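# Notes for the structure review
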Amino acid sequence: MCGIVAAVAERNIVPVLIEGLKKLEYRGYDSAGVALLNPTLTRLRSVGRVAELAAQAEGQVAHHGIAHTRWATHGVPSQRNAHPHVSGGLAVVHNGIIENYAELKAELQAAGYAFSSDTDTEVVAHLISETLKTVPELFAAVQAVAKRLIGAYAIAVIREWDDCIVVTRHGAPLLLGLGEDGNYAASDASALIQVTRRMVYLEEGDVAELKRGTVRIVGADGTAAERTVHESTLSADAVELGDYAHYMQKEIFEQPQALAATLEMIGGAQSLTPNLFGVAAPEMLKDVKSVLILACGTSCHAGMVARYWIEQLAGIPCTVEIASEYRYRVSVPNPEQLVVAISQSGETADTLASVKHAKSLGMGRTLALCNVPESAIVRECALRFLTRAGPEIGVASTKAFTTQLAALFLLAATLAKQAGRLSADEEAKHLVSLRHLPVAVQKVLALEPAIKAWAGRFADKQHALFLGRGLHYPIALEGALKLKEISYIHAEGYPAGELKHGPLALVDKNMPVVSVAPNDFLLEKLKSNLKEVAARGGELYVFADADSAVDEEPGLHVLRLPEHYGLLSPVLHVVPLQLLSYHVALVKGTDVDKPRNLAKSVTVE
Ligand code: M6R
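Before going into details, it helps to say that this report is about the structure given with it. (Residues numbered from 1 in each chain as written. Predicted model: local features only at pLDDT ≥ 70, side-chain atom pairs only at ≥ 80, totals over all residues. Heavy atoms only, no water.)

### Notes on the overall build of the protein
For the protein, the helix and strand inventory stands at 18 helices and 24 strands. For the protein, the residues scored as buried account for 59% of the 605 residues in total. Total accessible area on the protein is roughly 22,200 Å²; 53% of this is exposed by carbon and sulfur atoms. Mean positive and mean negative side-chain charge positions of the protein (56 and 67 charges, respectively) differ by 2 Å. (Helix = DSSP H or I, 4+ residues; strand = E, 2+ residues; numbered from the N terminus. Buried < 20%, exposed > 50% of the residue type's maximum accessible area, 1.4 Å probe, protein only. Areas by Shrake-Rupley, 256 points an atom, 1.4 Å probe, with all protein chains shown as cover. Lys, Arg positive; Asp, Glu negative; His and termini not counted. Charge placed at Lys NZ, Arg CZ, Asp CG, Glu CD.)

### Things to note about the side chain of N371
You can see N371 is positioned in the loop between β18 (366-370) and α12 (376-380). At 3.1 Å, the side chain of N371 and the side chain of T387 are in polar contact. A distance of 2.9 Å separates a polar atom in the side chain of N371 from the backbone oxygen of G390. In this structure, N371 is in contact with S343, Q344, T387, R388, A389 and G390, ignoring residues within four places of it in sequence. (Polar contact = N/O pair within 3.5 Å; in protein donor to acceptor, adjacent residues only side chain to side chain. Contact = heavy atoms within 4.5 Å.)

### Side note on the site of the ligand
Around the ligand, 15 residues are found, and the nearest of them are S299, S343, Q344, T348 and E485. Here an oxygen atom of the ligand sits 2.4 Å away from a polar atom, N or O, in the side chain of T348. Within the contact set of the ligand, a nitrogen atom lies 3.0 Å away from a backbone nitrogen or oxygen of V395. When the free accessible area of the ligand is taken as 410 Å², the share hidden by the protein chains comes to 90%. When contributions to the shell around the ligand are tallied by element, the ones reaching two or more residues are α9 (297-314) and α16 (473-487). Grouping the constituent residues of the shell around the ligand by class yields five nonpolar, eight polar and two charged. No fewer than three residues from each of domain 2 (247-444) and domain 3 (448-588) sit in the shell around the ligand. (Near = heavy atom within 4 Å. Nonpolar A, V, L, I, M, F, W, Y, C, P; charged D, E, K, R; others polar. Domains from an automatic or database assignment.)

### Re the environment of T40
Relative to the helices and strands, T40 is located in the loop between β2 (31-37) and β3 (41-47). Take T40: its relative accessible area is 35%, and that puts it in the partly exposed class. Placed 350 residues apart in sequence, T40 and G390 show a C-alpha to C-alpha distance of 40 Å. Here T40 is in contact with E160 and W161, once residues within four sequence places are set aside.

### Brief notes about the packing of helix α1 (residues 14-24) against helix α2 (residues 50-57)
One can describe the packing of α1 onto α2 by two numbers: an axis separation of 10 Å at closest approach and a directional angle of 170°. If you check the angle between α1 and α2, you find them roughly antiparallel. Mapping the contact onto sequence places V14, I18, L21 and K22 in α1 and V50, L53, A54 and A57 in α2. Residues that form the contact of α1 with α2 fall into these classes: seven nonpolar, no polar and one charged. (Axes fitted to C-alpha atoms, helices over the stretch in contact; angles between N-to-C directions. Parallel < 35°, antiparallel > 145°, perpendicular 65-115°, else oblique.)

### Overview of the sheet that holds strand β22 (residues 512-517)
Pairing between the strands of a sheet is mediated by backbone hydrogen bonds and can be parallel or antiparallel. Within the open sheet, the five strands sit side by side as β21-β20-β22-β23-β24. Their pairing is parallel. Strand pairing shows two members of the sheet lacking a second neighbour, β21 (490-495) and β24 (556-561), which therefore form its edges. On average, each strand axis in the sheet is tilted by 20° relative to the strand beside it, whichever way the strands run. Where strand β20 (residues 463-468) lies against β22, three bridges are found, and the strand directions are parallel. When the bridges of β22 are listed, L465 appears paired with V513. Across the sheet, helix α15 (residues 448-455) lies against β23 (539-545) and β24, angled at about 155° from β24, the strand it touches most. (Pairing = 2+ DSSP bridges.)

Quick look at the structure:
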């Protein structure tokens, strides 16, 4: 999604803005732009990569500016729609969607404003200009305009001859960076660690004024606000590509470390404690009678795996809902229910809104399972568990997923213990399995050469089917999502038993069918489903366990994972599917880390 960087400092801020935009590239974008004050306005915009904007900005010097990467919502990706948008001597960058933009645009057109783009952002620029006629101070004008905007937004504004940047946010992320020689703002911390580690997370409705030596924040209620300064622990290396060709590749191979870091707190533990989920957890997780998981995309697939674990281990009913559906449907609230929001970014608009919706229905037992500390979803929930995957840059989520699974298994086992359903023996075994996970995943990564050899056979296909059963049905869904999002091959995940109820009609020699076949109690059932595919000429690619009784035959290709991992097997079985989609995308030559039309942080509906 769109990314914002803003800077006012003693130093030349042009390289800071460009470097910041590069760090935000992973969020997904189609055009980029910058507005500099020196002291009149210079605006540069380009369609395509930040590198092109950087070339245009070569030689520019300024101490005051705003920059943006745009992910198109209103209007096609083009130079005229790229931010910043200007009105008179002011420039605006914006992340989010202004829902009442059409009404505001009509009002501004009637007042004589001409529009040169199709964006909702230009409305904001003209509205500030119009407001400045009666409210001459930029800060106060932005405050007044924010009151008129409906939707989700983060905005940064500069004006010719002014010595400040004014920013505001509502429903979209924005943080401030407090530097030695100036002050900064950005959509996330990765853009600013080049200049400072001292970060302030703005709250909903905050308006802030940044000058070289001062920062002023006013809350949504219009009074001066004190916000906590956080020391960012984000490592600069964590966002560097290093020796890898793509972030997705790096992140797939980082999974052993990411799991080890996430599970560090149970490193030497002899037993599980609800305190893992926050200080209020012992009280809140007590007597949980049902669980509602809310998430989107890959995070939702993690939730679907967790449903099997929670019901099996803890004996507690669990439902998983796609956040964008839950937030708008009329549901029957259960104030005692534990609501678990899963999100890598912690900023996904639908997931955030679904938690707010659950809370508005009286459901106060909320737990965020998230990879980004201090993100909006973490701040919205009463309890938190932070996965420690490190920054995930590739749009296709990989290490976030496996660390979410590890955290969710901890939750299921903890709930089981609270419910008196976990013997000391089982608890000890689960702890051992969890601790061994990084090593087990490392061994699965060694399958890469064999998977690479399979990838070439998928690259010319139009469609693919992914099958799994039980715990591995969500893994089939995840495998299909990975393939479609980065290779653009249409792929569907199905519970294998459902095949004969429709999708079997699609199977022929041109349709590769991938199956997850761990050596569990459903293996024989799954094998019958695979026979149904083979009988229709389908080409089968099976990821089995070392001891799964599935043998190679014409039309049936088998790769074996080194060990069977019981309940935690989904954490291992997803890894070859990640590698498969990565290598298929490489053969197809797609933009692996930034697939078309997608964004990393989905901060709009
Ligand atoms: O940051 P979140 O986990 O809330 O993101 C949810 C989805 O947007 C995300 O998982 C998406 O489906 C990924 N691109 C999948 O690889």
